[in-house]
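Letter by letter, the chains look like this.
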Amino acid sequence: IGVPAPKAAAMEAIVAFLADNHLEAYAEIFEETGYDDLAFLREMSDADFAELKQATRMKTGHLAKLRSRARGFHLPLPLPPPPQLPPPPPLQLPPPPPPLKC
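Reading the values: rules and limits
- Residues numbered from 1 in each chain as written.
- Predicted model: local features only at pLDDT ≥ 70, side-chain atom pairs only at ≥ 80, totals over all residues.
- Heavy atoms only, no water.
- Helix = DSSP H or I, 4+ residues; strand = E, 2+ residues; numbered from the N terminus.
- Buried < 20%, exposed > 50% of the residue type's maximum accessible area, 1.4 Å probe, protein only.
- Contact = heavy atoms within 4.5 Å.
- Areas by Shrake-Rupley, 256 points an atom, 1.4 Å probe, with all protein chains shown as cover.
- Core = buried A, V, L, I, M, F, W, Y, C linked by side-chain atoms within 4.5 Å.
- Expected span 1.5 Å × (residues − 1).
- Arc of directions from axis to C-beta.

A.B. asks: For this particular structure, what's the right way to read the overall build of the chain?
C.D. replies: When helices and strands are tallied, the chain shows five helices and zero strands. Helices and strands appear in the chain in the N-to-C order α-α-α-α-α. Taking all 102 residues of the chain together, 23% fall into the buried category. In the chain, 49% of the contacts between residues at least 6 apart in sequence involve partners at least 24 apart. Split by element, the accessible area of the chain, about 8,000 Å² in all, is 64% carbon and sulfur.

A.B. asks: Teacher, can you tell me more about the nonpolar core here?
C.D. replies: Counting residues in each nonpolar core, the largest one holds 19 residues, and the members touching the most others are Leu18, Phe30, Leu41, Leu52 and Leu66. Those elements giving two or more residues to this core turn out to be helix 1 (5-20), helix 2 (27-33), helix 3 (38-43), helix 4 (46-56) and helix 5 (60-71). Considering each element in turn, this core owes the most residues, four residues, to helix 1. Every residue in contact with leucine 18, bar those within four places of it in the chain, is listed here: Leu23, Glu24, Tyr26, Ala27, Phe30 and Leu66.

A.B. asks: What is the right way to look at the environment of phenylalanine 40 in this model?
C.D. replies: Along the chain, phenylalanine 40 falls in helix 3. Along the chain, phenylalanine 40 and alanine 70 lie 30 residues apart, while their C-alpha atoms are 9.6 Å from each other.

A.B. asks: I would appreciate a short explanation of helix 5 in the present structure.
C.D. replies: For an α-helix the count is 3.6 residues per turn, leaving residues at separations of three or four pointing the same way. With twelve residues, helix 5 ought to run about 16 Å at 1.5 Å a step, and its terminal C-alpha atoms sit 17 Å apart, in line with that. Restricting attention to buried positions, one finds in helix 5 the residues Leu63, Leu66, Arg69 and Ala70. The arc that holds every buried residue of helix 5, seen down its axis, measures 140°, which confines them to one face. Positive backbone phi, at 80°, marks glycine 72, one or two positions downstream of helix 5.

A.B. asks: Looking at this structure, how should I read unusual backbone geometry?
C.D. replies: Excluding glycine, residues mostly carry a negative phi; peptide bonds, for their part, are mostly trans. Despite not being glycine, histidine 22 shows a phi value in the positive range, around 60°. With respect to the helices and strands, histidine 22 occurs in the loop between helix 1 and helix 2. Classification of histidine 22 as exposed rests on a relative accessible area of 61%. We note that arginine 57 has phi near 55°; this positive angle belongs to a residue other than glycine. Considering the arrangement of structural elements, one finds arginine 57 in the loop between helix 4 and helix 5.

Next up, the structure:
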């Protein structure tokens, strides 16, 4: 029979989201464990993410990335290089005073 169309579309969104974040290795286990709704994923609590980590055997760093990206708090990658500042001008000292005559 296959997956119903709305559920298939929801899972396609999860797969695309995971792929966009270099986490596509988890797509199959997400489907197997029922994490097939991107809107729900975006609203999950920290406790929910802890359960997801255990259910999917997700690595801690991958979970941190998933949680950050799902909540929309990620920075654009790669980061632009910092601006280059010009070197400071050479230090200009006044000439020494003439020697004192006695």
